[in-house]
2 protein chains.
Amino acid sequence: MSTARTEVEQWDVVDVSVELRSPGNPFDVRPRAEFRLDGPQDGRTRRQVEGFYDGDGVYRVRFMPEQVGRWCYRVAGPDGATLAEGAFACVPASGDNHGPVRVRDASRFRYADGTPYRPFGTTCYAWTHQPAATQERTLAALGDASFTKLRMCVFPKNYAFNAAEPARFPFERHDDGTFDLTRPDPVFYRDLEEQILALQRLGIECDLILFHPYDKGRWGFDRMDPEADERYLRYTLARLAAYRNVWWSLANEYDFMREKSMDDWDRAFATVERYDPYRHLASIHNGTRMYDPASLALYDHHRPWVTHVSLQHWDVQQMRQWRTQWSKPVVVDECGYEGDLPYRWGDLTAESVVDTFWTAVTLGGSVTHGETYLHHGDAIWWAQGGDLVGDSPARIAYLRQVVESLPDDVAPLDDDRRHSAPTLGIEGTVYLQYFGRHRPAYRIIELPDDTDFTVDVIDTWTMTSTPAPGTYRGPSRIDLPGGPGIAVLARATE
Amino acid sequence: MSTARTEVEQWDVVDVSVELRSPGNPFDVRPRAEFRLDGPQDGRTRRQVEGFYDGDGVYRVRFMPEQVGRWCYRVAGPDGATLAEGAFACVPASGDNHGPVRVRDASRFRYADGTPYRPFGTTCYAWTHQPAATQERTLAALGDASFTKLRMCVFPKNYAFNAAEPARFPFERHDDGTFDLTRPDPVFYRDLEEQILALQRLGIECDLILFHPYDKGRWGFDRMDPEADERYLRYTLARLAAYRNVWWSLANEYDFMREKSMDDWDRAFATVERYDPYRHLASIHNGTRMYDPASLALYDHHRPWVTHVSLQHWDVQQMRQWRTQWSKPVVVDECGYEGDLPYRWGDLTAESVVDTFWTAVTLGGSVTHGETYLHHGDAIWWAQGGDLVGDSPARIAYLRQVVESLPDDVAPLDDDRRHSAPTLGIEGTVYLQYFGRHRPAYRIIELPDDTDFTVDVIDTWTMTSTPAPGTYRGPSRIDLPGGPGIAVLARATE
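Student: Go over the sheet that holds strand E22 (residues 366-369) of chain B, please, and point to the residues and values.
Tutor: All names here are of chain B. In spatial order, the strands read E18-E17-E16-E13-E12-E22-E20-E19; together these eight strands make up an open sheet with parallel pairing. Only two strands of the sheet have a single partner each, and these edge strands are strand E18 (282-283) and strand E19 (309-312). Bridge count between strand E17 (residues 246-251) and E18: two bridges; the pairing is parallel. Paired with Ser249 across the two strands is Ser283, which belongs to E18.

Listed below in structure tokens is the structure:
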């Protein structure tokens with residue numbers, strides 16, 4: 001029996017449900033489906049997809065069509081018998097549906113439809129493990145803010161300021177508190193899917209963390225054996241890979257997971273590659289600060305299945321070096337959080353966080369925000385979500401607005417001799433230059449000799465943009481307000 | 001004829017003058033002297049010293065006795081004939097005379113008498129090339145400030161904001177503007193010596209820069225041939241090496257001197273080693289920012305004649321790495337300057353400079369200050385001296401006061417697991433920990449279980465120290481004011 005809609009937008013989810021009875025653990029049974037586009041075939045027109053058991057005797061197969069046209073499908077049981085067949089029309093995407101995010105080049109992302117995508121991320125690691133009312137507040141806060149990516153974990157979090165037991169887990173729990181790792185909990189996943197879709201409606205990519213060390217044996221999800229890991233990944237991928245706004249973060253702070261080896265991560269990446277037909281963005285995030293890169297056994301980000309570099313580092317001045325080193329977009333997914341926790345990773349001023357964002361973005365990278373204030377109600381944003389109370393989100397939104405006002409093709413301009421500060425732009429057309437902690441009384445900006453430019457002086461903290469009088473060409477003296485956190489935006493006049 | 005005093009303090013200057021007539025260029029003649037301490041001999045009791053021509057038919061030999069006792073000397077002419085003989089009593093040093101600064105270990109300096117010395121430097125590169133009134137103001141400003149080291153050049157400076165022609169040069173000048181590099185100007189050197197002694201009276205070490213690139217062919221001192229370099233160095237060393245507060249900085253930004261090779265620097269170091277009998281501190285200072293150490297051809301600071309590392313770098317967070325790399329004290333002699341010049345090296349806020357000082361010092365290094373404000377009268381401190389108008393010198397003085405209140409043996413404590421922020425101290429006794437841009441509401445400080453500690457909370461900007469109530473032992477929660485630039489000082493009670 002098929003419940004697929006007969007018409008679906010490109011990059012939306014087709015969900016085919018079938019009923020199937022079999023002896024034993026129903027999660028051990030996985031239907032397989034083939035989706036095929038009418039017409040000439042290429043790699044993206046014929047897809048093998050694994051289904052999953054959704055409880056109550058129902059199995060599902062989910063599919064994200066990447067091409068417009070008429071698709072046929074056939075779902076088969078473990079014995080090869082046809083369980084369902086059907087067809088649907090895939091129609092062009094509409095509204096805010098731009099498809100999944102892809103890597104464009106060594107410093108940039110874009111959506112599948114070509115629209116630029118820029119990560120302005122935040123973190124709520126365990127927000128889906130909080131009470132429903134807190135989750136609602138989180139979504140409301142995200143709706144008011146301007147973030148385009150959220151880092152969040154599948155597994156719950158056992159950590160400082162994170163002691164509460166969640167209501168549900170990814171696996172069935174026995175009365176003695178242990179988990180049946182062969183029996184995922186469909187209700188848990190349905191709730192998770194609902195929130196991934198809620199993020200999608202807000203235009204937020206879900207950077208989903210598949211493993212993390214903040215368990216410490218309390219529930220044991222950080223020390224499952226390879227078979228359980230594989231079973232967990234296949235189930236998660238079968239359920240979630242069809243959601244266009246999902247990214248795979250193989251782990252948060254993988255190097256703090258003593259029970260896992262580099263081989264385990266290679267194997268996990270291979271599983272993700274095998275069971276994600278759409279090749280969503282995939283990365284792995286380190287925990288150490290990489291003060292001394294030579295001595296750190298960092299996961300090899302050169303490997304082809306690592307689509308982009310998801311670093312933890314507190315000094316984004318090195319962004320250009322990282323981009324050059326890996327030739328992939330670099331997202332500093334932890335640079336320290338705005339807050340006042342008694343930990344060095346969670347006690348930064350908003351000024352410092354905003355400076356980090358502007359520095360990284362004008363050097364051609366991205367940064368992820370987090371908020372860690374004590375004593376603000378029942379939740380700390382970085383883990384539980386709830387309310388945003390800090391001063392950086394509004395400034396990050398302003399930065400996003402400035403960057404999105406630039407032409408799509410802006411890229412980092414790495415010529416240090418020409419540009420005496422980090423500069424994003426297009427040579428000859430537009431330059432966004434950021435001075436950071438520097439606060440010159442004026443600067444000589446190197447503009448082309450053959451075009452007139454207008455220049456705006458931007459205060460990144462007050463979020464104001466003030467035109468410098470007149471137009472400029474060639475080396476141009478631009479008077480500046482003399483404080484830190486200033487940027488200039490020069491645009492060629494038409 | 002000898003004019004040596006019959007009694008001299010240890011590490012003071014003995015000056016023996018002789019008259020000698022010889023045909024040709026009198027600067028080509030160099031008397032030599034031997035100084036010998038009565039009693040059992042060792043390496044420091046018998047010294048060969050080269051003299052110099054001081055004009056008007058007078059030659060001088062200068063000597064710094066490093067040991068108390070009765071010294072005899074004999075000065076010989078180029079033909080070996082005795083020009084002078086004599087003796088003097090070297091008596092113990094008194095007052096603020098602690099002798100020259102030596103390297104104590106891989107992170108620390110001390111004076112020859114064992115007193116701790118800590119570099120809190122500033123820069124007035126060309127202050128001795130300014131009008132006399134400006135030089136007086138410079139000395140007055142240094143007297144009011146709290147710096148213990150001054151970086152300054154022998155040669156004049158031709159650079160942005162440094163266009164004026166100095167009144168005198170190290171060499172005689174022809175009417176056509178060229179210099180006779182075989183004829184130093186004794187009057188120039190006498191003025192220089194006077195200012196080195198003026199610094200000595202203020203307790204300031206003179207970090208004397210022997211070569212620099214800020215000439216660009218205007219006078220040609222940056223492109224003399226090896227013979228002229230050697231002649232210049234021997235004359236300078238013969239005159240100045242007996243001053244206990246002199247350090248040799250072989251060059252400022254040596255890598256910007258296209259006319260010099262690494263071999264030239266090796267040879268210059270060898271000349272300094274040969275003609276400085278006292279082995280004053282010697283270093284060489286880079287110009288590039290070393291963003292990528294692997295790609296930079298940095299002078300090899302491992303070489304034995306480099307007593308300490310004199311870096312230019314803008315990110316002193318790497319201090320521990322540098323100390324470990326070279327096993328020598330590290331002085332960041334340029335980290336950017338407080339000011340508002342239109343250059344990225346001269347436009348930092350005082351807050352940023354003060355943070356850099358505290359960071360470097362608690363990480364076990366040192367930093368040098370500079371000031372580059374536009375529009376403050378006729379001089380910019382960093383090059384010309386004059387007046388200090390910035391906000392960092394008072395805070396640097398406060399840091400010096402805090403550090404000097406600690407026991408002599410404090411050293412950087414590199415155990416990151418125990419100390420969650422840069423810490424200077426002695427395990428079990430005293431800890432000075434700095435949080436920099438971090439501003440936790442409180443921190444858990446790891447104190448020993450077996451001793452009571454008092455804890456002061458220091459605001460590095462307001463220069464206030466507030467005792468935390470009570471005493472502490474073991475892991476201790478210390479409430480903090482929640483702003484950046486905070487340090488804590490924990491001391492064991494007696």
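The rest of the description comes next.
Student: Explain the side chain of Arg47(B) to me, and be specific about the residues and the numbers.
Tutor: All names here are of chain B. For Arg47, the location among the structural elements is in strand E4 (residues 46-50). Taking the relative accessible area as the measure of exposure, Arg47 reaches 11% and is therefore buried. A polar contact of 2.5 Å, which involves the side chain of Arg47, links it to the side chain of Glu66. For Arg47, the residues in contact, after removing those within four places along its chain, are Ala33, Glu34, Phe35, Phe63, Glu66, Pro277 and Tyr278.

Student: Just give me the short version of helix H3 (residues 226-240) of chain A, but keep the residues and values in it.
Tutor: Residues and elements named next belong to chain A. Compared with the 21 Å implied by 1.5 Å per residue over 15 residues, the 21 Å span of H3 between its first and last C-alpha is a close match. Buried residues dominate H3, accounting for 12 of its 15 residues. Those residues of H3 that sit buried are Ala228, Asp229, Arg231, Tyr232, Leu233, Arg234, Tyr235, Thr236, Leu237, Ala238, Arg239 and Leu240.

Student: Residue-level account of the environment of Arg30(B), with values.
Tutor: Checked against the element boundaries, Arg30(B) lands in the loop between strand E2 (14-19) and strand E3 (32-37). Aside from chain neighbours lying at most four places away, what touches Arg30(B) is Glu50(B), Gly51(B), Arg231(B) and Arg234(B).

Student: Help me get a handle on the interface of chain A and chain B, residues and values and all.
Tutor: Interfaces are often described in size by the accessible area the parts lose on coming together. Counting residues at the interface gives 34 residues for chain A, matched by 35 residues for chain B. When the area that chain A buries against chain B is broken down by residue, the three leading residues are Arg344(A), Arg437(A) and Arg439(A), summing to 25%. For Arg443(A), the salt bridge identified is with Asp347(B), shortest N-O distance 2.7 Å. When contributions to the side of chain A that touches chain B are tallied by element, the ones reaching two or more residues are strand E21 (338-339), helix H6 (350-362) and strand E27 (442-446) of chain A. Broken down by element, the residue count for the side of chain A that touches chain B peaks at three residues, all from H6(A). In terms of residue class, the side of chain A that touches chain B is made up of 15 nonpolar, nine polar and 10 charged.

Student: Please provide a residue-by-residue account of the pairing of strand E12 (residues 120-123) of chain A, values included.
Tutor: All names here are of chain A. Side chains Phe120 and Thr122 of E12 all project onto a buried face; the interleaved residues Gly121 and Thr123 project onto the opposite face, where all are buried too. Note: E12 against strand E22 (residues 366-369), three bridges, orientation parallel. Following the sheet pairing, Gly121 is matched in E22 by Thr368. When E12 meets strand E13 (residues 149-153), the two strands line up parallel, connected through three bridges. When the bridges of E13 are listed, Thr122 appears paired with Leu150. Where the polypeptide runs from E12 across helix H1 (residues 132-144) and back to E13, its parallel neighbour, the crossover connection is right-handed.

Student: An account of the environment of Glu446(B) is requested, with residue identities and associated values reported.
Tutor: Residues and elements named next belong to chain B. By the element assignment, Glu446 lies in strand E27 (residues 442-446). Taking the C-alpha atoms as reference points, Glu446 and Ala126, 320 residues apart in sequence, are found 47 Å from one another. Setting aside anything within four residues of it in sequence, one finds Glu446 in contact with Arg418, Gly474 and Pro475.

Student: Requested: an account of the packing of helix H6 (residues 350-362) of chain B against helix H8 (residues 392-404) of chain B, with residues and values cited.
Tutor: Residue and element names in this part refer to chain B. Close contact between H6 and H8 brings their axes to 9 Å; oriented N to C, the two are set at 20°. For the element pair H6 / H8, the angle class is roughly parallel. Helix-helix and strand crossings are classified by hand; for H6 and H8 the assignment is right-handed. Each of Ala350, Val353, Val354, Phe357, Trp358 and Val361 in H6 lies in contact with H8, whose residues at this interface are Ser392, Arg395, Ile396, Tyr398, Leu399, Val402 and Val403. The residue makeup of the contact of H6 with H8, split by class, is 11 nonpolar, one polar and one charged.

Student: How would you summarise unusual backbone geometry if you had to cite specific residues and measurements?
Tutor: Note: most residues except glycine have negative phi, and most peptide bonds are trans. The phi angle at Arg279(A) is positive, at roughly 50°, despite the residue not being glycine. Assignment of secondary structure puts Arg279(A) in the loop between helix H4 (262-275) and strand E18 (282-283). Although it is not a glycine, Phe161(B) sits at a positive phi angle of roughly 65°.

Student: Residue-level account of the sheet that holds strand E7 (residues 69-76) of chain A, with values.
Tutor: All names here are of chain A. A sheet is described by the order of its strands in space; here five strands give the open sequence E1-E8-E7-E3-E4, paired in mixed fashion. Each end of this open sheet is capped by a strand with a single partner; those strands are strand E1 (7-9) and strand E4 (46-50). Along the sheet, successive strands turn relative to each other by an average axial angle of 30°, direction set aside. Inspection of the sheet shows strand E3 (residues 32-37) paired to E7 by six bridges, in the antiparallel sense. Each residue of the ladder has a partner; that of Ala33, found in E7, is Val75.

Student: Residues and numbers for the relation of the copies chain A and chain B, please.
Tutor: The two copies are related by a screw operation: chain A maps onto chain B through 180° of rotation and 0.0 Å of translation along the axis, at an RMSD of 0.0 Å. Accordingly, the operation relating the two chain copies is best matched by a two-fold axis. If distances are taken from each C-alpha of chain A to the rotation axis, the shortest is found for Asp315(A), at 4.7 Å. A share of 100% of interface residues in chain A that are also interface residues in chain B marks the association as one of identical surfaces.

Student: With reference to specific residues and values, describe the side chain of Asp185(B).
Tutor: All names here are of chain B. Positionally, Asp185 belongs in the loop between strand E15 (179-184) and helix H2 (186-201). Residue classification places Asp185 among the buried residues on the basis of a relative accessible area of 10%. At 2.9 Å, the side chain of Asp185 and the backbone nitrogen of Val187 are in polar contact.

Student: Pulling in residues and values, what's your account of the packing of H1(A) against helix H2 (residues 186-201) of chain A?
Tutor: All names here are of chain A. Closest axis-to-axis distance for the H1/H2 pair is 10 Å, and the angle between their directions is 20°. Considering their axes alone, H1 and H2 lie roughly parallel with respect to each other. The handedness of the crossing between H1 and H2 comes out as right-handed. Across from Gln135, Leu139 and Leu142 in H1, the residues of H2 making contact are Gln195, Ala198 and Leu199. Tallied by class, residues from the contact of H1 with H2 come to four nonpolar, two polar and no charged.

Student: So, the pairing of strand E31 (residues 486-492) of chain A: which residues are in play, and what are the values?
Tutor: All names here are of chain A. Most of E31 is tucked away: six of the seven residues are buried. Relative to E31, strand E26 (residues 430-434) runs antiparallel, the two being bridged by five bridges. Within E31, the residue paired with Gln433 across the bridge is Val488. Sheet analysis places strand E28 (residues 453-459) next to E31, joined by seven bridges and oriented antiparallel. Counterpart to Asp456 in the pairing with E31 is Leu489.

Student: Account for the pattern of salt bridges, naming residues and giving values.
Tutor: All names here are of chain A. Counted under the stated rule, the structure contains 90 salt bridges over all chains. Measuring nitrogen to oxygen at the nearest pair gives 4.0 Å for the salt bridge that ties Arg234 to Glu230. With Arg234 and Glu230 both in helix H3, this residue pair falls four residues apart, about one helical turn. The exposure class assigned to Glu230 is partly exposed, which follows from its relative accessible area of 26%.

Cut-off values and rules
Residues numbered from 1 in each chain as written. Chains lettered and ligands numbered in written order. Predicted model: local features only at pLDDT ≥ 70, side-chain atom pairs only at ≥ 80, totals over all residues. Heavy atoms only, no water. Pairing = 2+ DSSP bridges. Helix = DSSP H or I, 4+ residues; strand = E, 2+ residues; numbered from the N terminus. Buried < 20%, exposed > 50% of the residue type's maximum accessible area, 1.4 Å probe, protein only. Polar contact = N/O pair within 3.5 Å; in protein donor to acceptor, adjacent residues only side chain to side chain. Contact = heavy atoms within 4.5 Å. Expected span 1.5 Å × (residues − 1). Buried area = accessible area lost by both parts, 1.4 Å probe. Salt bridge = Lys/Arg side-chain N within 4 Å of Asp/Glu carboxyl O. Nonpolar A, V, L, I, M, F, W, Y, C, P; charged D, E, K, R; others polar. Right-handed = clockwise from strand over helix to strand, strands pointing away. Axes fitted to C-alpha atoms, helices over the stretch in contact; angles between N-to-C directions. Parallel < 35°, antiparallel > 145°, perpendicular 65-115°, else oblique. Left-handed = near helix turned anticlockwise from the far one by under 90°. Least-squares fit on C-alpha atoms with pLDDT ≥ 70 in both.

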